[in-house]
Amino acid sequence: MIGGGVVTSLFNSAVLAAISTDNHTALAPTGPQAQHIFNDYKAFYTVCIIVYVLTVAIALIASRRHRQDTDGHKGEAHPPLPPPQLQLDPTREAKMTFWVNVCIAATVLILFGLLFVDFSTARAIHQFSSKPGAVNIVVTGHQWWWEVRYDDEHPQNVFTTANEIHVPTGRPVKIVLQAADVIHSFWVPNLTGKKDMIPNHSTELWFQADKPGIYWGQCAEFCGFEHAKMRLFVIADPPEVFDGWLNAARTPSRPPLEQIQKQGQQVFMLKQCSMCHTIGGTPAGGRVGPDLTHVMNRYTLAAGAIRNTPGQLAGWILDPQVIKPGCRMPQNNLSPHDLQALLEYLRTLQ
Amino acid sequence: MKRLNRFPLAALAIAMPLAVWSCKREERSFRVQPPAADTTDKVIVSKLRAGQMMATTTQRAATEPSGGPIAPPPPGIAPASKPSAGLVHNGYEENAYAVGEGNRLYLAYNCVGCHFHGGGGIGPPLMDDTWIYGSNPEQIFATIVEGRPNGMPSFRGKIVDYQVWQIVAYVRSMSGMLSKDVAPGRDDHMAGAPPPNSMRYQPPQWSTVGTIR
């Protein structure tokens, strides 16, 4: 077991070094479920390595034994093999039968042991935490972005955001998974295992982040052209920071103050943007694309395809089909002045 | 022996261009070149406009930087060289992906809210042979972009041109006016109407508002 542990840690450090980041790996668990999965993985890995080493060693030994008689013929043509002689030695035969039976029994026992480990892991993962005060979130998979709705018992507190899930540390997070078009799969390896998002069929998942940090997620079920650029970020903050974010996210957008920002708002309302996007506190209420009420507070645009900078945003608005070919956002033919005003307005959506 | 070998080669020579040709109907072009399609006034069906009346269409095109009345379909997929029934040939009508996109946009932009899934309700049905404002692609384009009296809003500036042409292709597929290899075999919503590729061809018939059932 100690040898297996050393092998495991060597393997882990090699893999971690190779991917050079620990916010998108199941090998750096930060929640109870991920810890269970990691333990399960370690148990399987250790047992399999030991069995593998033993099997290969025994095979090698067996291939070397009783072959002394051919050693003298190296470099020469082989003499014709003697006819097989079946001289049964009853005691030796009994001994061999015994050991074969022992090996079969050991295999069955090991497999059942692994089955038990696997079963208890799955059971531990799927039992909901008894801790009170879970955060309720509905995540809907779209081609190719994530709609994130924070549920609350008071309807006025319900709000929608996209692609970035803020959660408090140390509190369970219950996620209802849905899909709007095709099957997607929710996967944040540092926090928990995968779960498919199926159209017209809700599934549930819960996790808990124990350490603050940004954990990457990724759609894990092929869902079309931009499946690879369907990223997700879980941002775990200490509870007081999370509460601050939550209160800010519940507010509608502030009305623009400067003249150019007001013009930008007009562009948003009168041009293509308002057909698909919502901005809280304005008449724009499209539900086809992501909610943009606080878009400037996000780290990335287009589900992690690009960073959220003014230049990237301008490029994304004008020609998204270069950045994410096949995505649902059309090329928008805006005049330079309209674009500049629109960018100034979007900048206010903090 | 040699004669026998010629047959598969000849079959291949015939099959390859056929395969390439039939792939075209599934070709997916995501980016329209140029992004801003040119504006012409050749598809105007009526001088009537909502709001302020412009003197001429050329003046109108000059005053609106974002484009005049109607832009031709982008040349992305099929060349607009072969005008069929109307003045404008909508290349998207020969492309299954574009028709599928039109289907998606028909739902996304809430055409379905009034026209339902082709059967009509608040707006007139789209799967029958009655066309109040014409069934040609450019006429349907004008209906979407300009709007029509008694309820049809204008989507000018709200939907980019190439998406309007995709919606036009889908709208025409609803009454079986597209070839069956392009029309979707299955709709993305509740069944009711037969799928567009098994829709009976219904040649458009001109009618006036008075004869609508």
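Residues numbered from 1 in each chain as written. Chains lettered and ligands numbered in written order. Predicted model: local features only at pLDDT ≥ 70, side-chain atom pairs only at ≥ 80, totals over all residues. Heavy atoms only, no water.

*Asks:* Any details on the overall build of chain A? Residues and values, ideally.
*Replies:* Across its full length, chain A holds ten helices and twelve strands. The buried share of chain A, reckoned over its 350 residues, is 42%. For chain A, long-range pairs separated by at least 24 residues make up 62% of all intrachain contacts whose partners lie at least 6 apart in sequence. For chain A, the accessible area works out to roughly 19300 Å², and carbon and sulfur atoms hold 63% of it. (Helix = DSSP H or I, 4+ residues; strand = E, 2+ residues; numbered from the N terminus. Buried < 20%, exposed > 50% of the residue type's maximum accessible area, 1.4 Å probe, protein only. Contact = heavy atoms within 4.5 Å. Areas by Shrake-Rupley, 256 points an atom, 1.4 Å probe, with all protein chains shown as cover.)

*Asks:* Lay out the packing of aromatic side chains with the relevant residues and their values.
*Replies:* Residue and element names in this part refer to chain A. The full count for this structure, using the stated rule, is 16 aromatic pairs over all chains. Aromatic pair Phe98 and Trp99: ring centres 5.3 Å apart, planes at 75 degrees, arrangement edge-to-face. Judged by relative accessible area, Trp99 falls into the partly exposed class, the value being 48%. A centroid spacing of 6.0 Å and a plane angle of 85 degrees characterise the contact between Trp146 and Phe186, whose relative ring orientation is edge-to-face. You can see Trp146 sitting in strand E2 (residues 145-150) and its partner Phe186 sitting in strand E6 (residues 184-186), a full 40 residues away along the chain. (Phe/Tyr/Trp six-rings, centres within 6.5 Å; stacked < 30°, edge-to-face > 60°.)

*Asks:* So what's going on with the interface of chain A and chain B? Which residues, and what values?
*Replies:* On the side of chain B, 19 residues touch chain A, which itself brings 19 residues to the contact. Summed over both partners, the interface of chain A with chain B comes to about 1700 Å²; 56% of that surface belongs to carbon and sulfur atoms. Among the residues chain A hides against chain B, the three largest losses belong to Met275(A), Arg328(A) and Gln331(A). Together they make up 36% of the total. Linking chain A to chain B there are two salt bridges. On the surface where chain A and chain B come into contact, there are five residue pairs in polar contact (both at pLDDT 80 or more). Secondary structure elements with two or more residues in the side of chain A that touches chain B: helix H6 (259-270), helix H7 (273-276) and helix H9 (320-323) of chain A. Considering every element that reaches the side of chain A that touches chain B, the biggest residue donor is H7(A), with three residues. Its residues placed into classes, the side of chain A that touches chain B shows nine nonpolar, seven polar and three charged. (Buried area = accessible area lost by both parts, 1.4 Å probe. Salt bridge = Lys/Arg side-chain N within 4 Å of Asp/Glu carboxyl O. Polar contact = N/O pair within 3.5 Å; in protein donor to acceptor, adjacent residues only side chain to side chain. Nonpolar A, V, L, I, M, F, W, Y, C, P; charged D, E, K, R; others polar.)

*Asks:* Can you tell me about the pairing of E2(A), naming the residues and giving the values?
*Replies:* All names here are of chain A. Burial of E2 is extensive: five of the six residues sit out of reach of the surface. Judged from the six bridges that link them, strand E1 (residues 135-142) and E2 form a sheet pairing that is antiparallel. Bridge pairing in E2 places Val139 opposite Val148. Between E1 and E2, which pair antiparallel in sequence order, lie two residues. The pairing of E2 with strand E3 (residues 159-162) spans four bridges and is classified as antiparallel. Looking at E3, one finds that Val148 is bridged to Thr161. (Pairing = 2+ DSSP bridges.)

*Asks:* How would you summarise unusual backbone geometry if you had to cite specific residues and measurements?
*Replies:* All names here are of chain A. Of note, the bond from Gln143 into Trp144 is cis; its omega dihedral lies within 30 degrees of zero at -5 degrees. With respect to the helices and strands, Trp144 occurs in the loop between E1 and E2. Of note, the phi angle at Ala302 is positive, near 55 degrees, even though the residue is not glycine. Structurally, Ala302 is set in the loop between strand E11 (300-301) and strand E12 (306-307). Since its relative accessible area comes to 14%, Ala302 is described here as buried.

*Asks:* Quick one: what's the story with the pattern of salt bridges, residue by residue and with numbers?
*Replies:* Under the definition given, this model contains twelve salt bridges over all chains. A salt bridge links Arg31(B) to Asp319(A); the shortest N-O distance between them is 2.3 Å. Within this pair, whereas Arg31(B) is found in the loop between helix H1 (2-23) and helix H2 (57-63), its partner Asp319(A) is found in the loop between helix H8 (310-318) and H9, the two belonging to separate chains. The class for Arg31(B) is partly exposed, based on a relative accessible area of 30%. Glu101(B) serves as the salt-bridge partner of Arg328(A), at 3.4 Å between the closest nitrogen and oxygen. You can see Arg328(A) sitting in the loop between H9 and helix H10 (336-347) and its partner Glu101(B) sitting in helix H3 (residues 96-108), one on each of two chains. On the accessibility criterion, Arg328(A) (25% relative accessible area) is partly exposed. Overlapping salt bridges bring together Arg328(A), Glu101(B) and Arg104(B) as one network.

*Asks:* For the pairing of strand E8 (residues 203-207) of chain A, give the residues involved together with the corresponding values.
*Replies:* A regular strand carries its side chains on alternate faces of the sheet. Residue and element names in this part refer to chain A. Across the five residues of E8, four count as buried, placing the element largely inside the fold. Relative to E8, strand E5 (residues 173-179) is paired through five bridges, and the arrangement is antiparallel. Across the sheet, the residue bridging to Ile175 is Leu205, located in E8.

*Asks:* An account of the sheet that holds strand E9 (residues 213-218) of chain A is requested, with residue identities and associated values reported.
*Replies:* Two strands in a sheet stick together by hydrogen bonds in their backbones, pointing the same way (parallel) or opposite ways (antiparallel). All names here are of chain A. Reading across the sheet, the three strands line up as E4-E10-E9 and stay open at both edges, with mixed pairing between neighbours. Only two strands of the sheet have a single partner each, and these edge strands are strand E4 (164-168) and E9. On average, each strand axis in the sheet is tilted by 25 degrees relative to the strand beside it, whichever way the strands run. Pairing analysis gives five bridges linking E4 to strand E10 (residues 231-237), with the strands arranged parallel. For Ile165, the partnering residue across the bridge sits in E10 and is Val234. (Axes fitted to C-alpha atoms, helices over the stretch in contact; angles between N-to-C directions.)

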